[in-house]
Amino acid sequence: MAKRFFGISPLVCLTTLAAGLLAGAPAQAQQPIKIGWLSSLTGPLSSAAIAENQGVQFAVEEINKAGGVLGRKIELITRDTASDPTKSVNFAQQLAFSEKVDFIIGPVNSGEALPAIPVIARAGIPNLIIGTLDELTDAQKYPRAFRVINTNTQWITGAQGYALDVLKRRKVALFGDTTGYGTATQRQAASFLEKAGIKPAYQVLLDPNKADLTDDMNKAKAAGADVIMPWSAATGLLARILNARGDMKWDVPVVGHPAVMALPIKKLLTKPEYWDNVYAAGYKSTTYDASGKVPQRTQALVDAIRPKLGGEIDFTFWWVALGYDCVHVIAHAVKTGGSTDPAALQKALETTPYAGVYGNYRWSATNHNGFPDGDIVVNRANSFKEGSFAIAPGAR
Amino acid sequence: MTASSPWRGALPRLAGGLALILLPLVVSNQYHLHLASLIGAFWILVAGLNLVVGYTGQLSVGHVGLLAIGSYTFAILAGKHGWDPILTTVVAGLVCGLCGFLVGLPSLRLPEFYFAMSTLAFGLIVTELAVARTELTGGGVGLPAPFFPGPLGTPSGFYWLILAAAGLVTWLTWNVTRFMWGRSLVAIRDSPVAAASVGVPVFRAKLTVFVFSGVTAGVAGALFSSLQSYITPDTFHFELSLFFFVSIIIGGRGSILGPFVGTAVLTALPELVAPLAKLGTFFYGLLLLLVVLLVPEGVGRLVQRVIAALRPPVVEHHAIRPDLDRLRAALRAGARR
Amino acid sequence: MLIVLVTGLAIGSLYAMMGLVYNVMYSTSKVLSMTTGHLAMLGAVFGAWFMGGLGWPIWLGLPAAAAVGAAFGLLTDVVAIRRVITRSNEHLWLLSTLAVATMVQQAVGLWWGTEPRPFPRLVPQDPAGALDQKYWLPIVLVLLMAAGLGLFYRKTMFGKVFVAMSEDAFAARARGIATNRVRAMSYVISGALGAVAGFATGQLTYAFFAVGTLLTLNGFVALAVGGLGSNMGALVGGWALGIISMVASHYFGGEYQQTIAIGLLMLALLVRPQGIFGTRQVRAV
């Protein structure tokens, strides 16, 4: 019986493929600038992407309302990768070859960006990278991929500089999680400490959903640690570190990944004061100065976008600023290059700096990490207000 | 069984094969070719798994672990150590066959749910080790996987390579299912006790099939990693296992074409229909539930039934004509006695 | 070291409760449902929503969370078990419960979000190290649950009907027991128990949509090692698994936690397939 059914196989295959071909037919009527946006709006690790998406959407609307770039409207084509590397490679190909986009933003998470970026590079499409893993940029291998966000190196050196030079701590307890990003970042942090001549007093990789970290914190304390440096983006893990620290009444500073300052952490804390003495790498653009003001460009964006977000900003604002800047970097490149020709766009980005909300970018032919070291600061976590933070005591 | 003449339906099959071979010449869009290659790579795994799940009825939900081992074998040997990619693909198949043997040897002795859970645990353990053994697997950062050399490295060349491998695997599984072996597998699925009582070596048959599925998973893993060009532990998540499994169940157990269509449709559908991508795994769950409740034999069998109903019934004329001469002769002989 | 054992015991209690939930469903239907761990997830998520989001007090939040679990249990029976179980022994139930489990996890992920959210404290108590409520709540609860189930099976009419069905469903049916209704009842009870288990451990797991699959696996491993059908086995197996995984994490870090714990227990299963307290089933035909 199964064999007779075999006969219709070609029909099914062909129909499937024909449907695919029809769906992929491009419509080039008024030649808009097509931006592909590989975003992980669902699935794990979606909160950053959702916030970035707010910024991206807002910038596109804003530019289109003002008449577009060089008279051309921006068309945003969003694809939800759900942080799955296989899907992100598929969608990268789809954007490149079916939609024939002029620019691709993303993918958001390093794990999915690692395989997708080479694919985009082979298609020769300019790509804005918003993952922090250092391996993602390579001016030789991926000549048209430019990083908008900072690198892991910048985060780690920023936080480490604060812990070692300002807080004058030497006995570091290094925490990471067992996800791909967590292990990679923790190892990188360990190698940076080694360069500074420090061997971590305690070092551990933890399951991001491990129910209780009291034991691990006890071991860190017993090892004589005087600063905790967590390198993980897992909200639950970070909150458990802070809760364990608070419950055991151990007044040790925590300096690490920016995720430790995100609002969901605050909600997971047993007591609000467990967020005290917690610092993380942050940005000049989302830091209040002595008079309690964020930089003027940030404030303008906050005011403009606030109605869109329902009047309240309850997530880290630099995500929005990053998304917003990505679109404006593209607009800037198109304006400077005079067209959407990929080579012209590459040249435009390599030769002209761009001052955005989130950072002042400067790429070159050899350096595709445009975010300047000087725009990284260290923030105090419990100063969270409207998505921005106060600077950590003693930090530059 | 007049329907099982080997040449029946050969024409559409041939046409189908030809269409698949000519696909790169027709399709100029590299994305569609990539999708077709991905379907092919997944199918190589699913074809082997189909013998385990669809024919033998062993519910393995951990084949993503074998896929990961195949992918990493390829990325490490061909990428880091510069082995020949074709040779490495074969080696990946052998390595995964061995892993299949080591996993199957204990777990296939366990009853259904126990077996399903052991394979689930196996899948989790492989990803955990992929993250932990940094010096081997690159840890969280992962490893680049090389392309195949020369013309096989181009999108169409690689597609043809995958097509050839998929064709070979399909042919092998088809042969297995047609002959005594396949029948004994189905017997194990439907009643292990009855199968054993008529002399089917139940455990050996299950293990052989599981090892074979390991080999195909390894080959699929090698091709998949070259197609992806970069692999990280995040690639091999539990949902991928679920995807393979659901493809088979939805396509129809005990058929080859059903799971193939299942794999193709489930791979392509979320790409082409954006709202489905948002629902993602929920959609797989819903499909699985609907199929189990409404057509437990799979959508393939349903289509088959519809076709059978639409086809004009073959009426065979068996005219009943008494052989009067012989009757007379017999009567005469009887009378003489 | 004390805190390692206490944490292991608390997490092990959650696994043990999952084992008990498996047992309740298994007794009447001979089905090991893939939705088991998701019941605890529902308990934690809805508990957090009722108490943290809507601000209900515990005497309202706990029964409401249990009711959600019970409703989901009933839904599982109606959708995934009732239609499937009467068809031959093709183990279709494994597929249907897997489908329901996948759907509920994804649906909760879409609605609740994919980040863990806080679970409120249930008893007014200052953080108290190893004596904190997040540890003793599950430990106390699993003992209560096991004892309660024991009493229920031995002392109540309904419990005896359960036992009768688990011994021989056909015979029970022949004696006039409405087996369909009893099975539905057992799914409602197991749903409520699973949700309460998740509710009590919410402070450890947080209200997180993705804990279900791992709990399904770990609860099953606990039960398999202890012996399917035995509540004592679930307790011992759950505690063993919890403590082994915490000790493994203590000595080797989190990288090999899964591998060591599950690997060891799978090994135990190979040595004694029926589990510590299980009885070998000899009847294959």
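Residues numbered from 1 in each chain as written. Chains lettered and ligands numbered in written order. Predicted model: local features only at pLDDT ≥ 70, side-chain atom pairs only at ≥ 80, totals over all residues.

1. Some details on helix H8 (residues 179-200) of chain C
With 22 residues, H8 of chain C extends 31 Å between its outermost C-alpha atoms, agreeing within 8% with the 32 Å of an ideal straight helix rising 1.5 Å per residue. For H8 of chain C, a buried count of 18 out of 22 residues is recorded, marking the element as mostly surrounded by other parts of the structure. (Helix = DSSP H or I, 4+ residues; strand = E, 2+ residues; numbered from the N terminus. Expected span 1.5 Å × (residues − 1). Buried ≥ 20, exposed ≤ 12 C-beta atoms within 10 Å, placed from the backbone.)

2. Overview of the pairing of strand S15 (residues 388-391) of chain A
Regular strands show a simple pattern: their side chains alternate between the two faces of the sheet. Residues and elements named next belong to chain A. Relative to S15, strand S11 (residues 287-288) runs parallel, the two being bridged by 2 bridges. Within S15, the residue paired with Thr 287 across the bridge is Phe 389. Where strand S14 (residues 376-385) and S15 come together, 3 bridges link them in antiparallel fashion. Paired with Asn 379 across the strands is Ile 391, a residue of S15. Between the end of S14 and the start of S15, which pair antiparallel, lie 2 residues, with Glu 386 showing a positive phi angle near 55°. (Pairing = 2+ DSSP bridges.)

3. Describing the confidence of the model for chain C
Residues and elements named next belong to chain C. Per-residue confidence for chain C gives a mean pLDDT of 89, with 97% of residues at or over 70. Averaged pLDDT values over the elements of chain C bottom out at 78 in helix H12 (residues 257-271) and peak at 95 in helix H2 (residues 36-53). The ipTM assigned to the predicted complex is 0.85, against a pTM of 0.86. (pLDDT = per-residue confidence, 0-100.)

4. Structural notes on the sheet that holds strand S2 (residues 74-80) of chain A
Residue and element names in this part refer to chain A. Ordered by their spatial adjacency, 5 strands build an open sheet running S2-S1-S3-S4-S5, and the pairing between neighbours is parallel. Looking at which strands have only one partner, the edges of the open sheet turn out to be S2 and strand S5 (145-147). The sheet shows a mean angle of 25° between the axes of neighbouring strands, taken without regard to direction. Pairing geometry for strand S1 (residues 33-39) and S2, over 7 bridges, is parallel. From the neighbouring strand, Ser 39 faces S2, where its bridge partner is Asp 80. The strands touched by helix H12 (residues 317-337) are S1, strand S3 (103-105) and strand S4 (127-129); relative to S1, the strand with the most contacts, the crossing angle is about 150°. (Axes fitted to C-alpha atoms, helices over the stretch in contact; angles between N-to-C directions. Contact = placed C-beta atoms within 7 Å.)

5. Thoughts on the environment of Gly 43 of chain C
Residues and elements named next belong to chain C. With respect to the helices, strands and loops of the structure, Gly 43 is situated in helix H2. Classification of Gly 43 by C-beta neighbours within 10 Å gives buried; the count is 30. C-alpha of Gly 43 to C-alpha of Thr 205: the two residues are 162 residues apart in sequence and 11 Å apart in space. In this structure, Gly 43 is in contact with Ala 65, Gly 69, Gly 194, Ala 195, Val 196, Ala 197, Gly 198 and Phe 199, ignoring residues within four places of it in sequence.

6. Here we look at the pairing of strand S6 (residues 172-177) of chain A
Residue and element names in this part refer to chain A. Counted residue by residue, S6 has 6 buried out of 6 residues, so it is predominantly covered. Across the two faces of S6 the burial is the same, with Val 172, Leu 174 and Gly 176 and Ala 173, Phe 175 and Asp 177 all buried. Strand direction decides the pairing type here: S6 and strand S8 (residues 227-231), joined by 5 bridges, are parallel. Opposite Ala 173, over in S8, you have Ile 228 as the bridge partner. Here S6 runs beside strand S7 (residues 202-206); their pairing, made up of 5 bridges, is parallel. When the bridges of S7 are listed, Gly 176 appears paired with Leu 205. Once you follow S6 into helix H7 (residues 180-195) and on to S7, the crossover reads as right-handed. (Right-handed = clockwise from strand over helix to strand, strands pointing away.)

7. Here we look at the interface of chain C and chain B
With 31 residues of chain C at the interface, the matching set in chain B holds 31 residues. No other element matches the 11 residues that helix H4 (residues 92-112) of chain C contributes to the side of chain C that touches chain B. A breakdown of the residues in the side of chain C that touches chain B according to their chemical character gives 20 nonpolar, 8 polar and 3 charged. (Nonpolar A, V, L, I, M, F, W, Y, C, P; charged D, E, K, R; others polar.)

8. So, helix H8 (residues 214-222) of chain A
For an α-helix the count is 3.6 residues per turn, leaving residues at separations of three or four pointing the same way. For H8 of chain A, the complete set of buried residues consists of Thr 214, Asp 215, Asp 216, Met 217 and Ala 220 of chain A. Where H8 of chain A is buried, its residues contact S6, S7, S8 and helix H9 (235-247) of chain A together with helix H1 (2-29) and helix H11 (231-252) of chain C. Looking one or two places after H8 of chain A, you find Gly 224 of chain A, whose phi comes out positive at around 85°.

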